[in-house]
There are 8 protein chains.
Amino acid sequence: MDKEYIVKLLEGVKNGDVDISDAVEKISYEPYSDIDYAKIDNNRKLVQNVGEVIYGESKTHEQIIGIVSKMKQSDNSEILITRLDKDKAEEVSKHFEMRYDKNSRMGIVCGEKVVPSGNDVHILCAGTSDLPVAEEAALTLEFLGHNAVRIYDVGVAGLHRLLSHVDEISKAKVIIVIAGMEGALASVVGGLTSAPVIAVPTSIGYGANFGGLSALLSMLNSCASGVGVVNIDNGFGAAMLANRILGRKA
Amino acid sequence: MDKEYIVKLLEGVKNGDVDISDAVEKISYEPYSDIDYAKIDNNRKLVQNVGEVIYGESKTHEQIIGIVSKMKQSDNSEILITRLDKDKAEEVSKHFEMRYDKNSRMGIVCGEKVVPSGNDVHILCAGTSDLPVAEEAALTLEFLGHNAVRIYDVGVAGLHRLLSHVDEISKAKVIIVIAGMEGALASVVGGLTSAPVIAVPTSIGYGANFGGLSALLSMLNSCASGVGVVNIDNGFGAAMLANRILGRKA
Amino acid sequence: MDKEYIVKLLEGVKNGDVDISDAVEKISYEPYSDIDYAKIDNNRKLVQNVGEVIYGESKTHEQIIGIVSKMKQSDNSEILITRLDKDKAEEVSKHFEMRYDKNSRMGIVCGEKVVPSGNDVHILCAGTSDLPVAEEAALTLEFLGHNAVRIYDVGVAGLHRLLSHVDEISKAKVIIVIAGMEGALASVVGGLTSAPVIAVPTSIGYGANFGGLSALLSMLNSCASGVGVVNIDNGFGAAMLANRILGRKA
Amino acid sequence: MDKEYIVKLLEGVKNGDVDISDAVEKISYEPYSDIDYAKIDNNRKLVQNVGEVIYGESKTHEQIIGIVSKMKQSDNSEILITRLDKDKAEEVSKHFEMRYDKNSRMGIVCGEKVVPSGNDVHILCAGTSDLPVAEEAALTLEFLGHNAVRIYDVGVAGLHRLLSHVDEISKAKVIIVIAGMEGALASVVGGLTSAPVIAVPTSIGYGANFGGLSALLSMLNSCASGVGVVNIDNGFGAAMLANRILGRKA
Amino acid sequence: MDKEYIVKLLEGVKNGDVDISDAVEKISYEPYSDIDYAKIDNNRKLVQNVGEVIYGESKTHEQIIGIVSKMKQSDNSEILITRLDKDKAEEVSKHFEMRYDKNSRMGIVCGEKVVPSGNDVHILCAGTSDLPVAEEAALTLEFLGHNAVRIYDVGVAGLHRLLSHVDEISKAKVIIVIAGMEGALASVVGGLTSAPVIAVPTSIGYGANFGGLSALLSMLNSCASGVGVVNIDNGFGAAMLANRILGRKA
Amino acid sequence: MDKEYIVKLLEGVKNGDVDISDAVEKISYEPYSDIDYAKIDNNRKLVQNVGEVIYGESKTHEQIIGIVSKMKQSDNSEILITRLDKDKAEEVSKHFEMRYDKNSRMGIVCGEKVVPSGNDVHILCAGTSDLPVAEEAALTLEFLGHNAVRIYDVGVAGLHRLLSHVDEISKAKVIIVIAGMEGALASVVGGLTSAPVIAVPTSIGYGANFGGLSALLSMLNSCASGVGVVNIDNGFGAAMLANRILGRKA
Amino acid sequence: MDKEYIVKLLEGVKNGDVDISDAVEKISYEPYSDIDYAKIDNNRKLVQNVGEVIYGESKTHEQIIGIVSKMKQSDNSEILITRLDKDKAEEVSKHFEMRYDKNSRMGIVCGEKVVPSGNDVHILCAGTSDLPVAEEAALTLEFLGHNAVRIYDVGVAGLHRLLSHVDEISKAKVIIVIAGMEGALASVVGGLTSAPVIAVPTSIGYGANFGGLSALLSMLNSCASGVGVVNIDNGFGAAMLANRILGRKA
Amino acid sequence: MDKEYIVKLLEGVKNGDVDISDAVEKISYEPYSDIDYAKIDNNRKLVQNVGEVIYGESKTHEQIIGIVSKMKQSDNSEILITRLDKDKAEEVSKHFEMRYDKNSRMGIVCGEKVVPSGNDVHILCAGTSDLPVAEEAALTLEFLGHNAVRIYDVGVAGLHRLLSHVDEISKAKVIIVIAGMEGALASVVGGLTSAPVIAVPTSIGYGANFGGLSALLSMLNSCASGVGVVNIDNGFGAAMLANRILGRKA
């Protein structure tokens, strides 16, 4: 809690401007709404500088609809729902106007859009198969007001495809690298740029890929220093980290 | 390769200003020195915006001394040597003036310092035992010209220790969080700030810590979105990522 | 076997009050019913101080029905069936009156209820997605006669949600903490209370969560001393441990 | 923070009894001493109901001596230092009177003892090789004022050794079970008692023991419900959990 | 190849009784039938002393039917098909008379039965859930002519259930112990008998069971010396090892 | 980039034969077609000496059809599609003439065939269950113009089946060994030949096979030196490596 | 407990031949000596049919000497001490006459020898490096009165070395197969004999051997049915299992 | 066994040219010398086309000296001893003239050299730290008569260092790629050449490198098809596979 804020409050109490019960309320205020199965942050946008997001994967559609309803009461912003499978998306669409992207399994409940930041984030992915994760990152970035620059299918086994983008890469502000299999793309890109590189291992592959473990370990051990890794298939998290990096400049 | 640069080169060739053999040389130029067991980048500083660094762990002291000598021929900047154990440090010190930090096992061969960036990076670590890694990050940041703000021993089991720094945390530009055991500090800090959080798992702990695996998985699965993870005990890499993030602002 | 009991028995044999064949029977008595595919403890309630429980997951509905029937012959208590999926629940319901909770997949075959213990157990869970496990714990506690105090969706990434319950937490007798992803909640809660903390890792999450491994390792490595961990998703086991702790006070 | 406490403080402010700067101080009070590389909790004893403990493993002897000195300034209680190897113990002994147990690598800096609790905790271990961990638990319990009842070398391969203690086991308040190899002792004991069982896997064994993993997984999967597991070789943690359980009764 | 056999053959060649081409044929004889996708051992029964067995899991029903047909041409013995799911069983039944056990997924194509060996093998399993594996072992033993003595649901958490069978256990010739979860039964039984113990870990359990890994490691680390472990869920393999042990006595 | 090529280009520029913009184009030429979700190498055949291949597993049928269409524009060669499940195969067949092998899930879009190489590659597999992987290798080899010699079901448990092929094995040019379970075939074959052995672990097996891990580790640790391992179930990759080995001889 | 024994005891009590206190003593008799840090079985030899064995690895030499002394009080048999390193062996030798084998780290305290069983056990090992484990098995067998037939360095990469022993192998009663690296020897031998095969994986190897894991998984997944596996490097356990198998015939 | 050879032998027997006992001898001939702890192949050179090699790691120097002595009796070729640490090397040098390379821990006992093959094998390694493994490969190749072309320190983070060798790489016959950390070099090189690529993961790195696992998984999952992987740090094995590939061309 901010000392200044407490000082002001206490001065208010001292000179009678603020009621004791009000001050108590304020000091121990719970800044969220409680709807039994979920607590909804009313000031997360303020604290973490992002719009509202619901992680859809292990929630029922009833729970999602309940949370959206509650959010809509206090705020008319767009709401992003991640990992929303098709069946749940259909249920949610019956209650709210929503844009849905089948590929990345993301839904955006319509509302006021965030003001554009004017910032580009470059998203490189190694193969066509990594697209769902790449699009999760791209759509999240767009939801957050940034511009997603897509450079897809540039895996290192065909180095010329990547090298033809060297110019763009060397000038990027933030780069998200998405790769499955051996995840080598992160190291190669890391060596071609001085921008922060956010690496997303994907579970694409088979056999000794072990659900993305090969790409994950690869990226953590990158010989290019200055690569930050997020969870396997976590395009959303990569976009959120890019946003934190860019948010600092606003 | 930059198209503009090639266009200029070709115009020079066309109007006779540039010799064909020179142009060939330039286009296929090898921008490094080769000393048999190592290739030394002569323009890495340019490309990646960092000073010279030698990863000392699995090099012999003869190799390290050879590499430093070669570097000193083209440039008098400070040189950072990481993971340099005490015995090798003594050997290197016989040939070059060097500051050595026993705790983080880092040596800095004296030379011209980098111009200060004026940027703060906050380093939070969970326990006294994480200090060697934290200092590896701090000294690397200082080598790179940034200001390392050390907030140590603020593990989540004594939450009040962390909360007394909430003000600083919420205003930081970039935060490095270093923790072993369960690595929970990254998630808690991630929720208290909108700055980018770089998480470093350490191998501190025993038993089911499995050499840092517990903290690593913990940080990759952080419920706070926007946390980028580097390798276990990799304080150096965290500092390099912080530098990439800040470098963008210069 | 209890020496006193044997002494008495032998004295009975000596003075003719007890028949030799009866004594043999008693000494080597099999205190369970055998129904071919299962042995039903007739005195487990006595020994371990809990009602009857059937682990439903890998039993067929025919087996479950057979076991319940046998139990009902000797005792009319309520019977708890865990991990009972919907299809099996329907089959069982055809034979016995049963309350069924879809979320936690638990059924309770009606019968005499346990006498309430008057004890509270606090259940904290990190996210809405952890609810099925949390409810498994809560319903088991209620089945055992305790009072389950539910504090849900208080994950550490939004620390204020947790901190608004500090009072309750610091006064609790026993606390069950349920969390997936990085499982940090156990450590934070462990530092806020002197009550025993029972930690339940959940398989909620994806990628490097590895089916709950991240939360499991996290909790085992908790920097808060005095946290006991049960198996992944094992809400039932957590409740049973809480019962053992409270049972001692009765 | 406690509402009542805040109300009182604010009433003091209102009627002038409490200075605003004092109130600010109190509300945002940092309840620890900061000695650069460590923050020492001045009121942990109060909050968590235990004496002072220092985790010695990855601290230098200089750091340990510094922390003990600081602690001694505010309080003359005994101080427990865990995982203190012989060399460090000798250094610490030069500055403070200390009892040292080589087997469990624990030191106790002399001071006022805790008042005995009158409670027994039973410690069962499977083999002679588990003794160091068992003694870590036993000495910690004694440091905390409890009575450690040692029942050693009762592994399940010689069941009669265990069964001859059935009486004691069935009457215990809290049981700590320590076993390496296959860790089966926890399950067997769990079935013989209704007391809470705290299981400590040890790294005793070889080959597919994988540093204690076999016993750890075994105990987490115990078929006896109500077993809480702590980290591998963590005798200290087991004692702390026992203390939390017993502390509730005080 | 047996020297004696070669000597005889060569003597035959020398004295003209055996044709050179015949001898070549015999020496390099391929003792199996080749049906394109499978090679069927015509003398495995001879060499390894068991009837014909087909591992059904990853074969198509067409392949299984083809193999059975080929076998039937040279021999009318019963044929055991393991891991045969219901759909394939139906297909096979259209071509051959077959007894099918749904629980263990085993089919026996009718034919001449093996002569009974008169030997008992005791099969102990820990819980009702382990039945499919236990029955795989039992039916295989019966197919091989032995007598399977089933002692089911005697897990160590209810030790009295096991102890009531101590007599039988201590007199058994060969014991197969089948258990999931923590697999402790193998160690306990190993201590109660001097017979060879064959341990079968099962994948029964959840969470940190990791598909049978917990029981597998447990059994490999058994503190009772002289326990031989087979693969997870491999009831068939356990029966085959029992047969090898008994076969020696015939 | 080839220096000679650049010299020629620059000479052209100097004497006006080549336009500057053309030269720029050529130097930074992107040798692939971009169809939004995929970049198609127009000269991979040239560089890597193989026909066109599409990895079908994680592409939608729409994407596959799009890629094939684009390829067909520049070249009428056969196109191999791997890991193409039946449903996608049906969709693709609506647009192009295609041969499909259900067993190995491979489709070959008709076109000009590769000129036969006249080379044999021997494929040995351990069991009938390994056939899908073996056929993936065989069909890929045939697609590449080689002759696949199939020696199937020669697992080491029936050594005579393998030994009857010793002649062929000892004379082979390249051998692909495919085995699941314990993967021992690679070591045995490696000892019987001086040809390069390419080992393919398969995921055939259960329990402690862990999805092919047992065979993978086995093959990597082969006591026969000179065995190269590819990914689990990667028959395609094995064929590609065989092709590289043979390609050198063309 | 044996019913017959109890019946007799009770009859004794009834007719006054047996004192009640004696009967109590006998029924609840603790058949071991307790020397504080160890409980020594006085009748294990009886129950499990083996001589006395001490697992030396994690015991201090003081503990070992104490245990041997206690054993010697009741029995003058030879005592086997396993995993006894050289330093401890020297200490023990000061107190007792002992034969020590440096290679297998086993000591045998002199005493009465076991009566020879007349049984052969064949020990096959794959390489010279596996000798320490092979000798642990061989010496244990000899200690137990059996005859160890050593067939060493017959790894599958040189199949002819193994095949020259086919005769012996096919006639063996029990076979112990010891192999590191890929452990293929167990499968090959399993196919050449109908005797029970006990497989011992060793930690010989490097890299992806992972401390014996490769051989362990290999042996568990053996395609030859009827192979029982013991822990990594556990030559002692293999000999004990062989003894159980042979013991049955005595 | 070769049919032709048997035919000839039998014809000899028939017409009396060959003695029966000689023929028996020949058919069942053991083509190795047995020196108790090792069996030495007298015709391995013939069968596998390589000189004599001794794997030194887990042999005592006495064993190594014994094996060399035996080999020298039948053949005066050079003998390669791998993984020979300095102390053993000194002992061996007392008995035989030997060249020793400290870096790769290899010794070559002097003798007749192999005839040069005239073939180049390119060895690329990622960093200076990979040198010991690279030299193990290079010296083995030279021992086998090939020419090792060393291209060291060309890791992908500084792509220009690698690209300056593109010409050489694209023309190589066989390429060995050696890399630790994320092992990305194999994929990049695989895409630049049509030669067979042998990938050697090294254990260089720390933290989530897990002893070479990261590079191993990376290389197995290479997006460049046609890469064969050998064990971690197995430079020797890579050279042996290269030899097999080249040997075929001789």
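Not measured: the values here are computed from a predicted model. (Residues numbered from 1 in each chain as written. Chains lettered and ligands numbered in written order. Predicted model: local features only at pLDDT ≥ 70, side-chain atom pairs only at ≥ 80, totals over all residues. Heavy atoms only, no water.)

Draft legend 1. Region of interest: the relation of the copies chain A and chain H. With an RMSD of 0.1 Å, chain A superimposes on chain H once it is rotated by 179° and translated 0.0 Å along the axis. Such a turn and shift between the copies fits a two-fold axis. No C-alpha of chain A lies nearer the rotation axis than that of Ala 184 of chain A, which sits 2.4 Å from it. Here 100% of the interface residues in chain A have copies in chain H that are interface residues too; the copies meet face to matching face. (Least-squares fit on C-alpha atoms with pLDDT ≥ 70 in both. Contact = heavy atoms within 4.5 Å.)

Draft legend 2. Summary view of helix H4 (residues 61–74) of chain G. Relative to the 20 Å expected for 14 residues at 1.5 Å per residue, H4 of chain G spans 21 Å between its end C-alpha atoms, a close match to the ideal helical length. For H4 of chain G, the set of buried residues is Gln 63, Ile 64, Ile 65, Ile 67, Val 68 and Met 71 of chain G. (Helix = DSSP H or I, 4+ residues; strand = E, 2+ residues; numbered from the N terminus. Expected span 1.5 Å × (residues − 1). Buried < 20%, exposed > 50% of the residue type's maximum accessible area, 1.4 Å probe, protein only.)

Draft legend 3. Just the pattern of salt bridges, in detail. Scanning the model with the defined rule gives 64 salt bridges over all chains in all. The partner of Arg 99 of chain G in a salt bridge is Glu 78 of chain G, with the nearest N and O atoms 3.5 Å apart. Taken together, the residues Arg 99 of chain G in strand S5 (residues 98–101) and Glu 78 of chain G in the loop between H4 and strand S4 (79–82) connect sequence positions 21 residues apart. You can call Arg 99 of chain G partly exposed: its relative accessible area is 38%. The class of Glu 78 of chain G is buried, set by a relative accessible area of 5%. Look at the salt bridges and you will find they share partners, linking Glu 78, Arg 99 and Lys 113 of chain A into a network. (Salt bridge = Lys/Arg side-chain N within 4 Å of Asp/Glu carboxyl O.)

Draft legend 4. Region of interest: the domain arrangement of chain A. All names here are of chain A. When cut into domains, chain A gives domain 1 (48–109) and domain 2 (120–246). For domain 1 versus domain 2, the distance between C-alpha centres works out to 26 Å. At the junction of the two partners, domain 1 supplies 16 residues and domain 2 supplies 14 residues. Applying the counting rule to domain 1 against domain 2 returns 1 salt bridge. Only strand S3 (52–55), strand S4 (79–82) and strand S6 (106–109) provide two or more residues apiece to the side of domain 1 that touches domain 2. Take the side of domain 1 that touches domain 2: its biggest share by element is 3 residues, from S4. Taken together, the residues that form the side of domain 1 that touches domain 2 break down as 6 nonpolar, 6 polar and 4 charged. (Domains from an automatic or database assignment. Nonpolar A, V, L, I, M, F, W, Y, C, P; charged D, E, K, R; others polar.)

Draft legend 5. Local environment of helix H10 (residues 213–220) of chain A. A large share of H10 of chain A lies buried, amounting to 8 of its 8 residues. Of all the residues in H10 of chain A, the buried ones are Leu 213, Ser 214, Ala 215, Leu 216, Leu 217, Ser 218, Met 219 and Leu 220 of chain A.

Draft legend 6. A look at unusual backbone geometry. One non-glycine residue, Asp 153 of chain B, lies in positive phi territory at about 65°. Within the chain, Arg 83 of chain C stands out as a residue other than glycine whose phi angle is a positive 45°. Structurally, Arg 83 of chain C can be placed in the loop between strand S4 (79–82) and helix H5 (86–95). Residue classification places Arg 83 of chain C among the buried positions, given a relative accessible area of 8%.

Draft legend 7. Here's a closer look at the interface of chain A and chain H. Chain A puts 24 residues into the contact, and the matching count from chain H is 24 residues. The contact between chain A and chain H buries some 1900 Å² in all, and 71% of this surface belongs to carbon and sulfur atoms. Inspection of the chain A/chain H interface yields 0 salt bridges. Our count for the contact surface shared by chain A and chain H stands at 13 residue pairs in polar contact (both at pLDDT 80 or more). Looking at the side of chain A that touches chain H, the elements with two or more residues in it are helix H7 (159–163), helix H9 (185–192) and H10 of chain A. (Buried area = accessible area lost by both parts, 1.4 Å probe. Polar contact = N/O pair within 3.5 Å; in protein donor to acceptor, adjacent residues only side chain to side chain.)

Draft legend 8. Expanded view of the packing of helix H4 (residues 61–74) of chain A against helix H5 (residues 86–95) of chain A. Residue and element names in this part refer to chain A. At a minimum axis separation of 9 Å, H4 and H5 run at an interaxial angle of 35°. Like other packed secondary-structure pairs, H4 and H5 cross with a definite hand, here right-handed. The residues of H5 that touch H4, namely those facing His 61, Ile 64 and Ile 65, are Lys 88, Glu 91, Val 92 and His 95. A class-by-class count of the residues in the contact of H4 with H5 yields 3 nonpolar, 2 polar and 2 charged. (Axes fitted to C-alpha atoms, helices over the stretch in contact; angles between N-to-C directions. Left-handed = near helix turned anticlockwise from the far one by under 90°.)

Draft legend 9. Representation of the sheet that holds strand S6 (residues 106–109) of chain H. Residue and element names in this part refer to chain H. Taken together, the 4 strands give an open sheet; going across it, the order is S3-S4-S6-S5, and neighbouring strands pair in mixed fashion. Where the open sheet ends on each side, the last strands, each with one partner, are strand S3 (52–55) and strand S5 (98–101). Each strand axis lies, on average, 15° off the axis of its neighbour in the sheet, ignoring direction. Here S3 pairs with strand S4 (residues 79–82) via 4 bridges, running parallel. (Pairing = 2+ DSSP bridges.)

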